Amino acid sequence: AVGKYIVDFFLRANIKTEIFQEEKNRFNIIAKIKGKSSNNAIAFTGHMDVVPVSEKEFQRWETNPFSGVIKGGFIFGRGSSDMKGGLASVMVAMTEIVKRKIIPSRDIYFIATVDEEDGMKGSKSLLNEHFLEKISFIIVCEPTGLRICTAGKGRTYANIRITGQTGHGSQGKSKNVIDFARQLMNKISGTTFPEHENTAFGNTFWQILSINAGLEPCVIPDELTMKIDARLVPNHKTDEIWKKMKKILIDLKVENPGFEAEIEIIDKREGWILSEKSPIVPSLKQIYNNLQIPFETTYFAGTTDGSIFRRKGIDCLILGPGDLSCVHKENEKISVKELTDSCKIYFEIMKRS
């Protein structure tokens, strides 16, 4: 439904729009304003999907999470900050460029993706599309409170599959995979990354996000799956995480014969740092000064579609309205002032492109 709305919006504004089907009823959207040159195009990107609202979370909302209520200078609703606000600001800015008959010096793209909140299938499926070859810079419109994020942390996550032996619950512990998992959890919590801590980009850390095991109460489980999630500072390679995990598992198997454990890597997203030579930052500083908006650079704690598009050698930064600390939970909201300010910033970037 969001995709159809965006397509209709751009068609009414006479902005060329294409659909790239990802799977049934889910598609990416590419819109383009033609500039004087098709080389070194600039793109603005964001995702259309949002995380769901559980029944318990629903009870904690002060408004209906999908109502879009405006109260006290904020719009409340799931996805308001993450990240319908950024998408809407770019859409309005692009229509203003067209309405005012401004012809930018280079093409301007709008890339709206699906599945960013999960496996990022949307951005990954676009990597082989030819239009990306024309783009030299991408602005990711995720919520940063209008701060300019010139670096992004990496992320990698995997399933650890542990196998042991079944047995009757009355006959001793046998090769209970939960015992092995307990030892692994202790190793994980006791393992740090001192060479990647207290940096200008925070710390590298890992944690367990889920554990599944057991058939029914009377049977000792012989299979267990544990999901591990790691967040890395930009100069920390994802492969190093799994080398360390492999060493831990080898040592544990020696101490606990009869168990097996394997790592099933689900995704690897490398961290990044924008080059200090990039001309976009001083240009943004001038725009902020002209608009009398406080200028600040920082890094982004999460991963975004920008991490995927960088695999094509495209530089990016993250800049958008909204507060990352209030998303994925009850009473998500976005400042109306930040929305209008972000729209002005995006418009100025497009106009100067």
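To be clear, the structure that these remarks concern was listed above.
S.K.: Go over the packing of aromatic side chains, please, and point to the residues and values.
M.R.: For the coordinates displayed, the defined rule picks out ten aromatic pairs. Ring centres of Tyr109 and Phe131 lie 5.7 Å apart, and the angle between their planes is 25 degrees; on these two criteria the pair is classed as stacked. With Tyr109 in strand S6 (residues 106-113) and Phe131 in the loop between helix H4 (121-125) and strand S7 (135-140), the pair connects residues that are 22 residues apart, well separated along the chain. Relative accessible area serves as the criterion here: at 6%, Tyr109 is assigned to the buried category. Ring pairs connect the aromatic residues Tyr5, Phe9, Phe10 and Phe110, which therefore count as one cluster. Over the ring of Tyr157 we find Arg155, and its NZ or CZ is 4.1 Å from the ring centre.

S.K.: Residue-level account of the pairing of strand S1 (residues 16-23), with values.
M.R.: Looking along a regular strand, one sees side chains alternate from face to face of the sheet. Pairing geometry for S1 and strand S2 (residues 26-33), over seven bridges, is antiparallel. If you follow Gln21 over to S2, its bridge partner there is Phe27.

S.K.: Go over the pattern of salt bridges with me, naming the residues and quoting the values.
M.R.: In total, this model carries 26 salt bridges according to the counting rule given. Where Lys32 meets Asp107, a salt bridge forms, and the shortest distance between an N and an O atom there is 4.0 Å. Within this pair, whereas Lys32 is found in strand S2, its partner Asp107 is found in strand S6, the two being separated by 75 residues in sequence. Looking at Lys32, the relative accessible area reads 22%, which means it is partly exposed. Asp107 sits in the buried class, given a relative accessible area of 1%. Among the salt bridges present, the one from Lys337 reaches Asp341, with a minimum N-O distance of 2.7 Å. Within this pair, Lys337 and its partner Asp341 are both found in helix H9 (residues 336-352), separated by four residues, close to a single helical turn. Residue class for Lys337 comes out exposed when judged on its relative accessible area of 56%.

S.K.: I'd like a rundown of helix H7 (residues 280-291), residues and numbers included.
M.R.: If you check H7, its first and last C-alpha atoms are 16 Å apart, about what twelve residues at 1.5 Å a residue would give, namely 16 Å. When we look at burial in H7, the residues that qualify are Ile280, Leu284, Ile287 and Tyr288. Buried residues along H7 cover an arc of 100 degrees about the axis, so they all sit on one side. Exposed residues pointing more than 90 degrees away from the buried face of H7 are listed as Pro282 and Asn290. Looking at the buried positions of H7, the neighbouring elements they touch are S7, strand S8 (148-152), strand S17 (315-318) and H9. One or two steps after H7, the chain reaches Gln292, where phi turns positive at roughly 60 degrees.

S.K.: Report on the sheet that holds strand S13 (residues 223-232), specifying residues and quantitative values.
M.R.: Strand order in the open sheet formed by four strands is S11-S13-S9-S14, and the pairing between neighbours is antiparallel. Both outer strands of the open sheet, strand S11 (205-213) and strand S14 (260-269), are each paired with one neighbouring strand and no more. Averaged over all neighbouring strand pairs, the angle between strand axes comes to 20 degrees, with direction disregarded. In this structure, S11 lies alongside S13, joined through eight bridges in antiparallel fashion. What sits directly across from Ile211, in S13, is Met226. Where helix H5 (residues 177-190) meets the sheet, it contacts strand S9 (154-163), S11, S13 and S14, and its direction lies at approximately 10 degrees from that of S13.

Criteria and thresholds
- Residues numbered from 1 in each chain as written.
- Predicted model: local features only at pLDDT ≥ 70, side-chain atom pairs only at ≥ 80, totals over all residues.
- Heavy atoms only, no water.
- Phe/Tyr/Trp six-rings, centres within 6.5 Å; stacked < 30°, edge-to-face > 60°.
- Helix = DSSP H or I, 4+ residues; strand = E, 2+ residues; numbered from the N terminus.
- Buried < 20%, exposed > 50% of the residue type's maximum accessible area, 1.4 Å probe, protein only.
- Lys NZ or Arg CZ within 6 Å of the ring centre and 35° of its normal.
- Pairing = 2+ DSSP bridges.
- Salt bridge = Lys/Arg side-chain N within 4 Å of Asp/Glu carboxyl O.
- Expected span 1.5 Å × (residues − 1).
- Arc of directions from axis to C-beta.
- Contact = heavy atoms within 4.5 Å.
- Axes fitted to C-alpha atoms, helices over the stretch in contact; angles between N-to-C directions.

As far as function goes, none of this settles anything; it's purely spatial.
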